[in-house]
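Below, each chain spelled out in residue letters.
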Amino acid sequence: MAEAKEAGFPVVTIAETAGFTDDQLRDHLVETVRTHRVGMLIACGDASTLPAVLETAEHLGVSPNPAAAARSLADASQIRGLLTRSGPQWEALALPTGPGDAPPSYDIEYGVETLTVEGMHRVTGIVELRSTGKGAPSAGSGPAPGTGDGTVGTGLRGTPVHTFPAPITRQEEAEIRALATGLLDLAGYEFGYAFTRVARTDEGPRVVESLPRQASWPTSRLIELTTGLTAERELVRALSGIPLDTPVTVGCAAAVPLPDPTDAPARGTAQPEVREVREGYALLTALTPAELATRAEAVLGRPAPVGLLPAGEGHAGRGAP
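Keep in mind the model is a prediction, meaning the values are calculated, not measured.

A. Region of interest: the packing of aromatic side chains. In total, this model carries one aromatic pair according to the counting rule given. Ring centres of Trp 217 and Tyr 281 lie 6.2 Å apart, and the angle between their planes is 70 degrees; on these two criteria the pair is classed as edge-to-face. With a gap of 64 residues between them, Trp 217 in the loop between β5 (204-211) and α8 (219-227) and Tyr 281 in strand β8 (residues 281-286) connect regions that are remote in the sequence. A relative accessible area of 1% places Tyr 281 in the buried class.

Right, here's the structure in full:
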């Protein structure tokens with residue numbers, strides 16, 4: 001809201017709709033759009049997957065994105081069906097989701113945030129989510145409250161370490177980018193943020209899920225800290241028709257799970273290498289991956305995960321549009 005107002009957009013706030021039925025929500029949206037002469041309706045956060053919002057916006061002609069595209073991305077089973085129908089080269093790129101299926105094991109995921117404008121997908125960042133190896137594998141489909149992206153609906157064990165830019169080679173980066181943006185093309189996604197999670201398996205990269213929204217915390221904050229891009233500002237720029245800034249990464253950052261989250265605020269912020277502490281994570285920044293690994297080790301009290309060490313050819317998201 002603050003970014004939209006600063007850009008000169010009048011903002012209409014719809015009251016809490018938790019108690020609405022789908023029909024009531026549709027009627028309320030129609031009345032609001034017509035009363036305030038709304039030119040474009042963007043569904044963000046949880047609303048980005050609500051059929052009542054998506055379909056009403058499309059029916060009124062105020063949605064920049066097809067409702068079917070956003071619905072497809074919000075449903076892992078629909079994504080798998082979409083890839084299967086798109087041919088053998090795509091079918092093999094989704095993790096099995098059916099009962100009795102045995103997905104390949106993995107301990108690393110990549111979260112790809114994209115901002116799409118008129119069907120053109122721009123990757124704003126690729127973050128690595130590496131299993132800490134502690135705790136049970138997660139289950140479900142979607143981001144878990146308080147833990148950020150990548151801990152639910154995956155084979156990752158424990159609360160993962162988030163690292164940005166992802167320490168991958170340029171070839172790996174190209175494969176992950178092509179997979180994430182290709183999926184958005186198949187779904188017919190035309191406008192807005194999307195966050196696609198890709199598992200690194202012994203059989204190659206596999207799609208875990210893709211959601212029609214920006215990356216959640218802490219991934220979003222890592223991208224902001226190292227590129228200076230604010231997701232909300234970039235979305236408003238896209239709505240205004242202003243050319244988007246190219247993300248230029250300066251340094252690197254990580255979100256490290258604290259050994260004792262109950263002691264997090266007092267102990268975490270007392271350490272000079274910690275930028276922020278929130279929801280059991282310490283956010284660290286550094287100029288080099290080696291320096292970041294050293295700082296992470298100081299927070300963890302043990303050697304940092306391999307993913308925080310230098311990775312050869314380069315890092316994803318560095319100055320790439």
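B. Region of interest: the packing of helix α2 (residues 22-35) against helix α3 (residues 51-60). Look at α2 against α3: their axes get within 9 Å of each other, and the N-to-C directions meet at 40 degrees. By the angle class used here, α2 and α3 are oblique. In this structure, the crossing between α2 and α3 has a hand that is right-handed. Here α2 contributes Asp 22, Leu 25, Arg 26, Leu 29, Val 30, Val 33 and Arg 34 to the contact with α3, which in turn contributes Pro 51, Ala 52, Val 53, Glu 55, Thr 56 and Leu 60. Taken together, the residues of the contact of α2 with α3 break down into eight nonpolar, one polar and four charged.

C. Just the sheet that holds strand β7 (residues 274-278), in detail. With antiparallel pairing, the eight strands of this open sheet are ordered in space as β5-β4-β1-β2-β3-β6-β8-β7. Two strands lie at the open edges of the sheet, namely β5 and β7, each paired on one side alone. If you compare each strand with its neighbour and ignore which way they point, the axes differ by 25 degrees on average. Here β7 runs beside β8; their pairing, made up of four bridges, is antiparallel. Residue pairing in the sheet places Glu 276 in a bridge with Leu 283 of β8. Across the sheet, α8 is in contact with β1 (108-117), β2 (120-130), β3 (161-164), β4 (192-201), β6 (252-257), β7 and β8; its angle to β3 comes to roughly 30 degrees.

The rules behind each value
Residues numbered from 1 in each chain as written. Predicted model: local features only at pLDDT ≥ 70, side-chain atom pairs only at ≥ 80, totals over all residues. Heavy atoms only, no water. Phe/Tyr/Trp six-rings, centres within 6.5 Å; stacked < 30°, edge-to-face > 60°. Helix = DSSP H or I, 4+ residues; strand = E, 2+ residues; numbered from the N terminus. Buried < 20%, exposed > 50% of the residue type's maximum accessible area, 1.4 Å probe, protein only. Axes fitted to C-alpha atoms, helices over the stretch in contact; angles between N-to-C directions. Parallel < 35°, antiparallel > 145°, perpendicular 65-115°, else oblique. Left-handed = near helix turned anticlockwise from the far one by under 90°. Contact = heavy atoms within 4.5 Å. Nonpolar A, V, L, I, M, F, W, Y, C, P; charged D, E, K, R; others polar. Pairing = 2+ DSSP bridges.

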